[in-house]
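Observations on the model geometry
Spelled out, the chains give:
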Amino acid sequence: MRLTTKGRYAVTAMLDLSLQEGTRLVTLQDIALNQEISLSYLEQLFARLRHAGLVTGTRGPGGGYRLARDVDLISVAEVIAAVDEKADMTRCGGEANCHDGEKCLTHELWADLSDKIYDFLNNISLGELVRRPEVIAVAARQEAVRKGLPLGRLKTVVIESCTMLNSSK
């Protein structure tokens, strides 16, 4: 699988959006600052995510993005596919023409691995990720840094984040 920065950034941005879901519309500027991703790059990714029906956007002051579906109904594989990434380990792109126009010796091995990677990513929802304690802790640390809080308050921010996340269900 050739997962480039496009796929990684799309998943990261969607996870950031998922963590903020329900509080307000989220601007790309917020995501860019939180995740240190170029705003212009995010604009390109979100155009594709919007076209794939994963997010909806509202323009103008107070505008931003929200998930188009419930966080538990969006898989990581969908996000990656929406930005034209493929879970393909074959060197022929799945065309079975890797050796002089025919399958190479290891084509089936790499095709099977591609299927397993896709199945793995398709069985993980953004909802599952936002409930992981490690994700909650990283999000809380990012928020503490963004707000200029002393990192000694991080434990309090993590507890507040977990409480807020659990109460929104």
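Preceding this paragraph is the structure being described.
Summary of the structure given here. The model shown is predicted, which means the values in this text are computed figures rather than measured ones.

This part covers the overall build of the chain. Each helix and strand counted, the chain has 8 helices and 2 strands in total. Along the chain, helices and strands appear, N-terminal first, in the series α-α-α-β-β-α-α-α-α-α. Restricting the contact set of the chain to residue pairs at least 6 apart, pairs at least 24 apart contribute 63%. With the model as given, the accessible surface of the chain reaches about 10100 Å², and the carbon-plus-sulfur share is 54%.

Turning our attention to the pairing of strand 2 (residues 64–67). Looking at chain direction, strand 1 (residues 55–58) and strand 2 are connected through 4 bridges and run antiparallel. Among the inter-strand pairings, threonine 56 is bridged to a residue of strand 2, identified as arginine 66. As consecutive antiparallel partners, strand 1 and strand 2 are separated by 5 residues, and within that stretch glycine 60 has a phi angle of approximately 90°, a positive value.

Moving on, we come to the pattern of salt bridges. Under the defined criterion, the tally for this structure stands at 4 salt bridges. Residue arginine 24 pairs with aspartate 30 through a salt bridge whose shortest N-O separation is 2.9 Å. On the basis of relative accessibility, which here comes to 43%, the residue arginine 24 falls in the partly exposed class. By relative accessible area, which is 22% here, aspartate 30 ends up partly exposed. Arginine 69 is paired through a salt bridge with glutamate 78; the nearest N and O atoms lie 2.6 Å apart.

Below, the discussion takes up the environment of valine 83. Its location among the elements puts valine 83 in the loop between helix 4 (76–82) and helix 5 (107–122). Overall, valine 83 belongs to the buried group, its relative accessible area being 0%. Considered as a pair, valine 83 and arginine 48 are 35 residues apart in the sequence and their alpha carbons are 5.8 Å apart.

Across the interface, helix 2 (residues 28–35) lies against helix 3 (residues 39–51) with an axial gap of 9 Å and an inter-helix angle of 120°. As far as their axial angle goes, helix 3 and helix 2 are oblique. Our pair here, helix 2 against helix 3, has a crossing hand that is right-handed. Of helix 3, the residues touching helix 2 (which contributes Leu28, Gln29, Ile31 and Ala32) are Leu39, Leu42, Glu43 and Phe46.

Quick look at the nonpolar core now. Counting residues in hydrophobic clusters, the biggest one holds 33 residues, and the most contacted among them are Met14, Leu17, Leu42, Phe46, Leu49 and Val79. Among the secondary structure elements, those contributing two or more residues to this core are helix 1 (5–20), helix 2, helix 3, strand 2, helix 4 and helix 6 (126–130). No other element matches helix 1, which puts 6 residues into this core. Sequence-distant contacts of valine 79, defined by excluding residues within four places in its chain, comprise Ala10, Val11, Met14, Leu49, Leu54, Ile74 and Leu126.

A separate point is the side chain of aspartate 16. Looking at the secondary structure, you find aspartate 16 in helix 1. With a relative accessible area of 5%, aspartate 16 lands in the buried category. Residues in contact with aspartate 16, not counting those within four places in the same chain, are Ile31, Asn34 and Gln35.

As a further point, take helix 5. Along its 16 residues, helix 5 runs 22 Å from first to last C-alpha, staying within 8% of the 22 Å computed at 1.5 Å per residue. Considered for burial, the residues of helix 5 that qualify are His107, Ala111, Ser114 and Leu121. The arc that holds the buried residues of helix 5, viewed along the axis, is 90°, so those residues lie on one side. Structural note: helix 5 exposes Lys116 and Phe120 on the side pointing more than 90 degrees away from its buried face. Close packing links the buried residues of helix 5 with helix 4.

Cut-off values and rules
- Residues numbered from 1 in each chain as written.
- Predicted model: local features only at pLDDT ≥ 70, side-chain atom pairs only at ≥ 80, totals over all residues.
- Heavy atoms only, no water.
- Helix = DSSP H or I, 4+ residues; strand = E, 2+ residues; numbered from the N terminus.
- Contact = heavy atoms within 4.5 Å.
- Areas by Shrake-Rupley, 256 points an atom, 1.4 Å probe, with all protein chains shown as cover.
- Pairing = 2+ DSSP bridges.
- Salt bridge = Lys/Arg side-chain N within 4 Å of Asp/Glu carboxyl O.
- Buried < 20%, exposed > 50% of the residue type's maximum accessible area, 1.4 Å probe, protein only.
- Axes fitted to C-alpha atoms, helices over the stretch in contact; angles between N-to-C directions.
- Parallel < 35°, antiparallel > 145°, perpendicular 65-115°, else oblique.
- Left-handed = near helix turned anticlockwise from the far one by under 90°.
- Core = buried A, V, L, I, M, F, W, Y, C linked by side-chain atoms within 4.5 Å.
- Expected span 1.5 Å × (residues − 1).
- Arc of directions from axis to C-beta.

From the geometry alone we can't say anything about function, so treat these as descriptive.
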